[in-house]
Amino acid sequence: MLRQLCIENVALIDKLELTLRDGLNILSGETGAGKSIIIDSLNFVLGERADKSLIRYGTDFAVVQAVFDEYLNPQISEYLDSVGVEAEDILILRRKMTVEGKNECRINGRVATLSILKGLTELLVDIHGQHEHQSLLKSSNHIKLLDNIGESEIHSAKDGVAAEFSKYSAFKRELSQYGDGAERERRLDILNYQIEEIERVNVEDGEEESLLAQRKRIRNTEKILSALQTAKSALDGYDGGGVSRDLKNASVTLNTIASFDDGIPSLCDRLSSARLEVDDISETLSDMLEKLDFDSRSADKVEERLDEVRNVLRKYGGDYESMQSFYERAKGEAEMLANAGDRVALLENEIKCSAGKLLENAEKLTALRRKVGDKFEKSMISELGDLGMGGSTFKVDIKSAVDVDGISADGADSVEFLISPNVGEPLKPLAKIISGGEMSRFMLALKNISAHVDGIGTMVFDEIDTGISGNISAIVSEKLCNISRRRQVIAVTHMPSLAAMADSHYLISKSTVNGKTLTRVDLLEDDTEEVARLIGGNDYSKFAVPHAQEMKAWAERYKIGLK
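Okay, so let's go over this structure.

The next subject is the overall build of the protein chain. Check the secondary structure of the protein chain and you find 17 helices and 15 strands. Whereas a compact globule of 563 residues would reach a radius of gyration of roughly 24 Å, the protein chain reaches 43 Å, over 25% beyond that. Projected onto its principal axes, the C-alpha positions of the protein chain cover 140 × 75 × 35 Å. Counting only residues that meet the buried cut, the protein chain has 42% of its 563 residues in that class. Excluding contacts between residues fewer than 6 apart, the proportion of contacts in the protein chain whose partners are at least 24 apart in sequence is 70%. In the form shown here, the protein chain has an accessible surface area of approximately 30,000 Å², with 49% of it arising from carbon and sulfur atoms.

Right, dumping it as structure tokens:
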């Protein structure tokens, strides 16, 4: 339920906090006081389109925050989970707009897109008066509403359809993997060719890198040979003595003075070690020169193998791991297709049996829906009669698919509510119904029946009294009171009988402060005077106050009778 609405810098509102209660919340006030601003603010935070004209003159931004509690149901929990928002005990929605036109939406402090915000709020609040939030006007919701009215009986039948549809779909998906006989043969030929090519080339892990290293070495053989020869000559010298001989001579010379200096013997040892290292390096260079053999045929073989390896890797994934993964999948698919005949025959039989069960279950579900639809039609016509629309016709239009291909997890049916508000007029979809009093009464009748099943916790009626007067206004008040026993209702009204029925009555007024016009909201402890104003205003106050008291007493008796 909507517990708090905080508004800042919206039209005539500087800062306003509206705390709402359970039951029937009535908002009333003089024309122009700002009732529509509060509804506009609520629409804004619920995700409706808005432009910069919403922002209070002289400020840089407008922000509205809505706080909900006791809001969780399976549908909302599933939606929050699908958009990655953790469900908490309190739900806080916040939307901000700047004069630059930037929008910021947050759900429990987390930034969200406008579409995500709106998808959530459509499950939280239903506003009559704004088509975008009238869930009942959307034909896609009619089947859900009808099924909810049917409750456990329909839900059980739906579960049966959904379970069989799941099996049927699984069989169909598996069969589609095989294709027809000719298609399977073509696919098997392709797979066998790919498997044979991978096996024939037989690429080893790391082989491409090894071949690239070999090619690099072959391409630089001459440079390698020259470097090895130059290095060996530098070590050995041109007369065969070289560095090794010079190191030996240095050691012999130092030994002649070893008895005169304690540090000389260690230097001689180091020279000896250096000589041994130089000799070893020289021998290694000799071995490398002997093994260095440039062969043009070897170079060609390396190039050919590298092209072959690269071609296979490129065709089957780009690297060794991807190629191996492709190979394993291809082997598995080829084995499946090679043995497809028996499996296809079995699947075709399973599909035939499942299709029969699915059709049977769908027909049972359709029959239940038609039965519930008939009762719903009668209830709606009765409600409309109470509301002064006795000449109305209401129909639950159910169209059913004629074959199994038209069945989904929800069954074979499409459902749309049709209405003819006047005798002699054709039935039309709800979305095309005329506006005004007839629209208000129709929606009220529908909500009076569906309020306990549509799952939406807060209902907002923006001037539901449009085009309504006389005895019908009292009936409308009773109907709204009925709904408010099951759902939180927020109603903006000029109708005294509805105001008298309030559980909580908020007076909206405006005043001038420091040269600025501001809107404020006050919770009335005693709303008799406001009800009297709605009845007849100041000129009628002598009679209006007793009338208001009488009307409030009538409302109280009605509410007591509902307990």
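Now that the structure has been shown, we can carry on.
Centre-to-centre distance and the angle between the planes together describe a pair of aromatic rings. Summed over the entire model, instances satisfying the criterion amount to four aromatic pairs. Note on Tyr316 and Phe326: the rings are 4.9 Å apart at their centroids and 35° apart in plane angle, and the pair reads as tilted. Here Phe326 lies in helix α11 (residues 320-338) and Tyr316 lies in the loop between α10 (296-315) and α11, a separation of ten residues in the sequence. Between Phe376 and Phe417 the ring centres are 5.4 Å apart and the planes differ by 65°, which places this aromatic pair in the edge-to-face class. Placement of the pair is Phe376 in helix α12 (residues 340-386) and Phe417 in strand β10 (residues 413-420), with a sequence separation of 41 residues. A connected cluster of aromatic rings, assembled from ring pairs, spans Phe376, Phe394 and Phe417. For the cation-ring pair, Lys96 lies above Phe61, with the distance from its terminal atom to the ring centre recorded as 4.8 Å.

We now examine helix α9 (residues 264-291). Its 28 residues place the ends of α9 41 Å apart at the C-alpha level, agreeing with the 40 Å of an ideal helix rising 1.5 Å per residue. Buried residues belonging to α9 abut α7 (221-236) and α8 (242-255).

A few words now on a negative patch on the surface. Residues Glu204, Asp205, Glu209, Asp319 and Glu321 make up a contiguous surface patch of negative charge. Residue position: Asp205 is located in the loop between α5 (181-201) and α6 (207-219).

Glancing now at the sheet that holds strand β15 (residues 516-523). Across the sheet, which stays open at both edges, the six strands sit in the order β8-β12-β13-β3-β14-β15 with mixed pairing between neighbours. Across the chains shown, the open sheet's two edge strands, defined by having one partner strand only, are β8 (125-128) and β15. For this sheet the average axis-to-axis angle between neighbouring strands, irrespective of direction, equals 20°. The pairing of strand β14 (residues 504-513) with β15 spans eight bridges and is classified as antiparallel. Bridging across to β15, Ile508 finds its partner in Val521. The sheet strands contacting helix α16 (residues 528-536) are β3 (24-29) and β14, and the helix crosses β3 at an angle near 60°.

Following both chains from N to C, one finds helix α4 (residues 142-178) and α12 inclined at 165°, their axes separated by 8 Å at the closest point. Between α4 and α12, the interaxial angle falls into the category roughly antiparallel. Along this stretch, α4 crosses α12, giving a crossing that reads as left-handed.

Bringing the side chain of Arg95 into the picture now. By secondary structure assignment, the location of Arg95 is in strand β5 (residues 90-98). Despite its burial, Arg95 remains without a salt bridge, the nearest opposite charge being carried by Glu48 at 7.6 Å. There is a polar contact of 2.7 Å between the side chain of Arg95 and the backbone oxygen of Phe44.

As a further point, take the pairing of strand β13 (residues 488-492). Burial analysis of β13 places five of its five residues in the buried class, which makes it a mostly covered element. Residues Gln488, Ile490 and Val492 of β13 are buried on one face, and the alternating residues Val489 and Ala491, pointing to the opposite face, are buried as well. Relative to β13, β3 runs parallel, the two being bridged by four bridges. Of the residues in β13, the one forming a bridge with Leu27 is Val492. As paired strands, strand β12 (residues 458-462) and β13 are joined by five bridges and run parallel to one another. Considered in β13, the bridge of Thr458 is made with Gln488.

Parameters at a glance
Residues numbered from 1 in each chain as written. Predicted model: local features only at pLDDT ≥ 70, side-chain atom pairs only at ≥ 80, totals over all residues. Heavy atoms only, no water. Helix = DSSP H or I, 4+ residues; strand = E, 2+ residues; numbered from the N terminus. Rg over C-alpha atoms; globule rule 2.2 N^0.38 Å. Buried < 20%, exposed > 50% of the residue type's maximum accessible area, 1.4 Å probe, protein only. Contact = heavy atoms within 4.5 Å. Areas by Shrake-Rupley, 256 points an atom, 1.4 Å probe, with all protein chains shown as cover. Phe/Tyr/Trp six-rings, centres within 6.5 Å; stacked < 30°, edge-to-face > 60°. Lys NZ or Arg CZ within 6 Å of the ring centre and 35° of its normal. Expected span 1.5 Å × (residues − 1). Patch = residues over 30% accessible without salt bridge, like charges linked within 9 Å, V, L, I, M, F, W, Y side chains within 5 Å. Salt bridge = Lys/Arg side-chain N within 4 Å of Asp/Glu carboxyl O. Lys, Arg positive; Asp, Glu negative; His and termini not counted. Charge placed at Lys NZ, Arg CZ, Asp CG, Glu CD. Pairing = 2+ DSSP bridges. Axes fitted to C-alpha atoms, helices over the stretch in contact; angles between N-to-C directions. Parallel < 35°, antiparallel > 145°, perpendicular 65-115°, else oblique. Left-handed = near helix turned anticlockwise from the far one by under 90°. Polar contact = N/O pair within 3.5 Å; in protein donor to acceptor, adjacent residues only side chain to side chain.

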